[in-house]
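The primary structure of each chain is shown beneath.
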Amino acid sequence: MIHVGVLSPVTGGFYFGEVLAGVVREVAGAGGRVTLVQTLDAGRAAESFASAPNVSSPAGWENLDGFVAIAWAVTEESLRRLRAAGKPVVLVSNDVTMDVQTVVVDNATAVREAVDHLVAHGHTRTVFVGNLGQTDMQERYQAYTAALAEHGLEGRHVGAVDHIEPGGRGAAPEVLAAMAEGTTAAVCTTDRVALGLMAAVKAAGYRVPEDLAVVGFDDVEAGWTFDPPLATVNQEFAAQGVLAAQMLLAELRGEPAEHRRHTVPATFLPRASCGCRVAAGTSDANARLAADVVAAVEAHLDLGSRGPGRLTVDDVDTAALDDVIAGALGGLDLRRDPPEGRRA
């Protein structure tokens, strides 16, 4: 049985958790098993960590056939030790100067689409907000500057301390100063940076997108329900894990491996934060099911014949009522939809 190790800074969250799920699904489907190795100390959050840990004592790793390393899970030195020991390695969302296979999201195409879209809206003075300490973020910034150059424009980088909301809030004073000089749009390294920035800009009395259009990256759920909904780039995290697992399994089977960068598509999603009014996804099916719940309860309690005010607690078989409600709720889909509606 093939035994795959996954090196990840943390074990959960919308990014790491979904990439891991993709790896597990693919390896399990091939009859293998997965061991997850969290490389950050317990209790530490990946977002607060700026550089990869150097794992000097990888206990038990010799029992694993190959590895998928996610983002900044370990240093390049640690990865080289694995390769020197004859272990195949596939990287996800990272790029090092090693002869290995790498899976990355197509940052360039998606960010270029976002910049082109903002320029089409009339934005000629923009900033790029975020921490550039990771390969993905550097590629997004490079794509931002390249896209602007194609329009004869120049941009400006505003740094952030991390990839989450505090980074966006901390960058807000510099962005507000840029707005006073004519900046009208911001492209952010991640959605969470964008959400922190938008909250701070709104708290300062400015409007999004009227005073500052904002675009993020990642399509996190919090962006769907923010006011206004966040324009973003959707990247299929699980698909990155699936592709990485497929390549590692093929290499372990002795098949030829192309040690190069393999990209997973990403899609720009315009929404209200960039000035677009995207029709909201409907929830008609759930509304109908909710009405069915009410109707089932009314029928069970025989409210139609009793009339108002003629039902007491003693008249109700609560256990039976619970069964009625549970049965009616069984068809409800409680997942949130993005503003564009449910994806397939």
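Presented here is an overview of the structure given in this document. (Residues numbered from 1 in each chain as written. Predicted model: local features only at pLDDT ≥ 70, side-chain atom pairs only at ≥ 80, totals over all residues. Heavy atoms only, no water.)

Let us now look at the pairing of strand β6 (residues 126-129). Burial of the side chains of β6 extends over both faces: T126 and F128 are buried on one face and V127 and V129 on the other. As judged from the two bridges shared by β6 and strand β7 (residues 157-158), these two strands associate in the parallel manner. Its bridge partner lying in β7, V129 is registered against V158. For the crossover from β6 across helix α4 (residues 135-150) to β7, the handedness is right-handed. (Buried < 20%, exposed > 50% of the residue type's maximum accessible area, 1.4 Å probe, protein only. Helix = DSSP H or I, 4+ residues; strand = E, 2+ residues; numbered from the N terminus. Pairing = 2+ DSSP bridges. Right-handed = clockwise from strand over helix to strand, strands pointing away.)

The strand order across the open sheet built from four strands is β7-β6-β8-β9, with neighbouring strands paired in parallel fashion. Edge positions in the sheet fall to β7 and β9 (213-215), since each has one partner strand and no second. α4 rests against β6, β7 and β8 (185-188) of the sheet, and its axis sits at about 170 degrees to β6. (Contact = heavy atoms within 4.5 Å. Axes fitted to C-alpha atoms, helices over the stretch in contact; angles between N-to-C directions.)

Where helix α5 (residues 165-180) meets helix α6 (residues 191-203), the closest approach of the two axes is 7 Å, and the angle between their N-to-C directions is 50 degrees. Classified by the angle their axes make, α5 and α6 are oblique. Handedness of the α5/α6 crossing: right-handed. Contact with α5, carried on its side by E165, G168, R169, A172, V175 and L176, involves R192, V193, L195, G196, L197, A200 and V201 of α6 and no other residues of that element. Among the residues forming the contact of α5 with α6, the class breakdown is eight nonpolar, two polar and three charged. (Parallel < 35°, antiparallel > 145°, perpendicular 65-115°, else oblique. Left-handed = near helix turned anticlockwise from the far one by under 90°. Nonpolar A, V, L, I, M, F, W, Y, C, P; charged D, E, K, R; others polar.)

Okay, the packing of aromatic side chains next. Any aromatic ring pair is given by two values, namely how distant the centres are and how the planes are angled relative to each other. Following the criterion strictly, the structure yields six aromatic pairs and no others. Residues F128 and Y141 carry aromatic rings whose centres are separated by 5.2 Å and whose planes lie at 55 degrees to one another, so their mutual orientation is tilted. Of the two residues, F128 sits in strand β6 while Y141 sits in helix α4, which places them 13 residues apart along the sequence. Members of the aromatic cluster, each reached through a chain of ring pairs, are Y15, F16, W72 and F237. If you follow R140 out to its NZ or CZ, it ends over the ring of F217, 3.6 Å from the centre. (Phe/Tyr/Trp six-rings, centres within 6.5 Å; stacked < 30°, edge-to-face > 60°. Lys NZ or Arg CZ within 6 Å of the ring centre and 35° of its normal.)

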